[in-house]
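# Structural overview for review
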Amino acid sequence: MTSESLIEVNNLSFSYDTRPILNGVNMRMQRGQVVAIMGGSGSGKTTLLRLISGAIQPTSGHVKFAGEVVHELSRDALFRLRRKMGMLFQFGALFTDLSVYDNVAFQMREHTNLPESMIRDLVLMKLHAVGLRGAHHLMPNELSGGMARRVALARSIALDPMLIMYDEPFTGLDPISLSVIGNLIRRLTDALGMTSIVVTHDVQESLKIVDYVYFIADGVIAAHGTPKEVRESVAPFVHQFVHGEEDGPVPFHYPAQSYEKDLELEDCRV
Amino acid sequence: MFRHALSAIQNIGHRVIEGMWRLGHASRFFILVLLKSGTSLRRFGLVIRELYFTGVLSLIIIVVSGLFVGMVLGLQGYETLQKYGSESAVGTLVALSLVRELGPVVAALLFASRAGSAITAEIGLMKATEQLAAMGMMAVDPVSRVVAPRFWSGVISMPLLAAIFSVMGVYGGYLVTVVFIGVDEGTYWSQMQSAVDFRFDILNGFIKSCFFGVAVTAIAVFEGYDAPPTAEGVSGATTRTVVSSSLVILGLDFILTAFMFRGVS
């Protein structure tokens, strides 16, 4: 398995000032896999993506991508490595001053010397893959949320990366757009032979398309397994998360002193 | 009482340290922009595109303001000079006031309000909507690709806009004093021609506007890049750009004037 791993996360820890976010996280992601990272809000999922992409430095441990330790690279080497990565941000992060066409062509123009005629063909092929070839002339403010994310997806596969990271790709989408994005993630991963990491809250949609799931809670990997294992898991955290239960290992109430004490009812007891 | 005084002193100390830290941070960012300006020079099209937004779109406010400032100068100058029988010197007064001071300073203040605030808001919003982060993830340096072209477009625009402001002011003065009041046209232009020196007046005014261009645009790009990625953060950064730029322009103007025109009659 290790020889096939595209990404190895080894004993990774990260803190914001003195607040620990991740504590000794270990993961393996193979080529061609779609891996979901799930967990509650603020559990460190997006931080993990930022660590994998080298945007922030870990407190300890390391991330290996294609055999290279991301955090030991110089800035130029990191930028070279990032040409092999793509990232889909939560709301697309399209360049608002560029058209759909120019957004997708952006990386090709920045990193290659391809003639404009070839860039045109490639852009239209990428947009065709996400079903938006006919929208190439539109500006980002003319797109719906789902369309913007599909354009961002086309942009992130512009240079055929080895890895794409998706930060909450299903947030705020209607059921049709949600299904379209989910299927596109699976299809493009298979067609391009790349690895996809999906950070998401959407359990049902993501379990349909992923090969493996990691749950993060309190800064550690609380559970992991295949979608089948996750659905059948009796581990309290996984069960609560997958079935959306209100109370459990993640409590409904924020820690507080006793209710009676807050309402000053202790002395009124008969 | 003692505790309040101590708290106030601590507060002042904290603010001074924070201000110095921010100044250092801004200086480092300025040097970084200069070091990463290679892309702007190699792909000058990026700068030209920004020149349209910072320079060309500022033309209207510069032209109209220059015209009115010149008209007011002409009117006030004529009213004062005629008391001493020196109304023929009104052309000189208008030209020297504009070329030495009002052209660079007022054009820079207008530029800070019009283009500086726009640059800050644009970069700040790009940051808030993760466009800069997306660019970094695509292995494209946002400082080279977004910040440096905007910086250089501001530096190039500012002296040109100041020159246009001065020219429009001179014509505004001409309109009021020569066309409306009836000062002799030949006197207006010839007095101006003999009194305005290329080295001391026009060149120094040009140098001033270059300094202002660097200062305003450096503040604008820094505030935008450093803005907290929220609506409130971008709004605060935009306000800071206009306030800081205005104060820096006026302070710099005094320093530059003291160096340039000391001992010049």
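Residues numbered from 1 in each chain as written. Chains lettered and ligands numbered in written order. Predicted model: local features only at pLDDT ≥ 70, side-chain atom pairs only at ≥ 80, totals over all residues.

### Looking at the overall build of chain B
- On a plain count of helices and strands, chain B comes out with 10 helices and zero strands.
- In chain B, the succession of helices and strands from N to C terminus is α-α-α-α-α-α-α-α-α-α.
- Over its C-alpha atoms, taken along the principal directions, chain B stretches across nearly 65 × 60 × 35 Å.
- The buried share among the 265 residues of chain B stands at 45%.
- For chain B, restricting intrachain contacts to residue pairs at least 6 apart in sequence, the fraction spanning at least 24 positions comes to 87%. (Helix = DSSP H or I, 4+ residues; strand = E, 2+ residues; numbered from the N terminus. Buried ≥ 20, exposed ≤ 12 C-beta atoms within 10 Å, placed from the backbone. Contact = placed C-beta atoms within 7 Å.)

### What to know about the pairing of strand 6 (residues 85–88) of chain A
Residues and elements named next belong to chain A.
- Across the two faces of strand 6 the burial is the same, with Met85 and Met87 and Gly86 and Leu88 all buried.
- Both strand 6 and strand 7 (residues 163–167) contribute to a ladder of four bridges, which runs parallel. Its bridge partner lying in strand 7, Met87 is registered against Met165. (Pairing = 2+ DSSP bridges.)

### Remarks on the nonpolar core
Residue and element names in this part refer to chain B.
- Judged by nonpolar contacts, the single largest core of 134 residues is most densely connected at Ala108, Val216 and Val221.
- In terms of residue count, helix 5 (residues 90–128) provides more of this core than any other element does, 18 residues in total.
- Non-local contacts of Ala108, meaning those with residues more than four positions away in its chain, are made with Met158, Ala162, Ser209, Phe212, Val216 and Ile249. (Core = buried A, V, L, I, M, F, W, Y, C linked by C-beta atoms within 7 Å.)

### Remarks on the sheet that holds strand 5 (residues 68–69) of chain A
All names here are of chain A.
- Read from one edge to the other, the open sheet built from four strands follows the order 2-1-4-5, with strand pairing classed as antiparallel. Because the sheet does not close on itself, it has two edges, and the strands there are strand 2 (19–30) and strand 5.
- Across five bridges, strand 1 (residues 5–16) lies against strand 4 (residues 60–65) in antiparallel orientation. Opposite Ser13, over in strand 4, you have Ser60 as the bridge partner.

### Quick word on the interface of chain A and chain B
- Chain A puts 13 residues into the contact, and the matching count from chain B is nine residues.
- Of all elements in the fold, only helix 2 (75–82), strand 6 and helix 3 (100–111) of chain A reach the threshold of two or more residues within the side of chain A that touches chain B.
- At four residues, helix 3 of chain A tops the list of elements feeding residues into the side of chain A that touches chain B.
- Looking at the side of chain A that touches chain B residue by residue, the class counts come to seven nonpolar, three polar and three charged. (Nonpolar A, V, L, I, M, F, W, Y, C, P; charged D, E, K, R; others polar.)

### Details of the confidence of the model for chain A
- Scored by pLDDT, chain A comes out at a mean of 87, with 97% of its residues at no less than 70.
- When the elements of chain A are averaged for pLDDT, helix 9 (residues 236–243) of chain A gives the smallest value, 78, and helix 3 of chain A the largest, 94. (pLDDT = per-residue confidence, 0-100.)

### Concerning the sheet that holds strand 3 (residues 34–39) of chain A
Residue and element names in this part refer to chain A.
- Reading across from one edge, 6-7-8-3-9-10 is the order of the six strands in this open sheet, with mixed pairing throughout. Two strands bound the open sheet, and with one partner strand each, they are strand 6 and strand 10 (220–225). Pairwise comparison of adjacent strand axes, ignoring direction, gives a mean angle of 20° for this sheet.
- As paired elements, strand 7 and strand 8 (residues 195–199) share five bridges and run parallel to each other. (Axes fitted to C-alpha atoms, helices over the stretch in contact; angles between N-to-C directions.)

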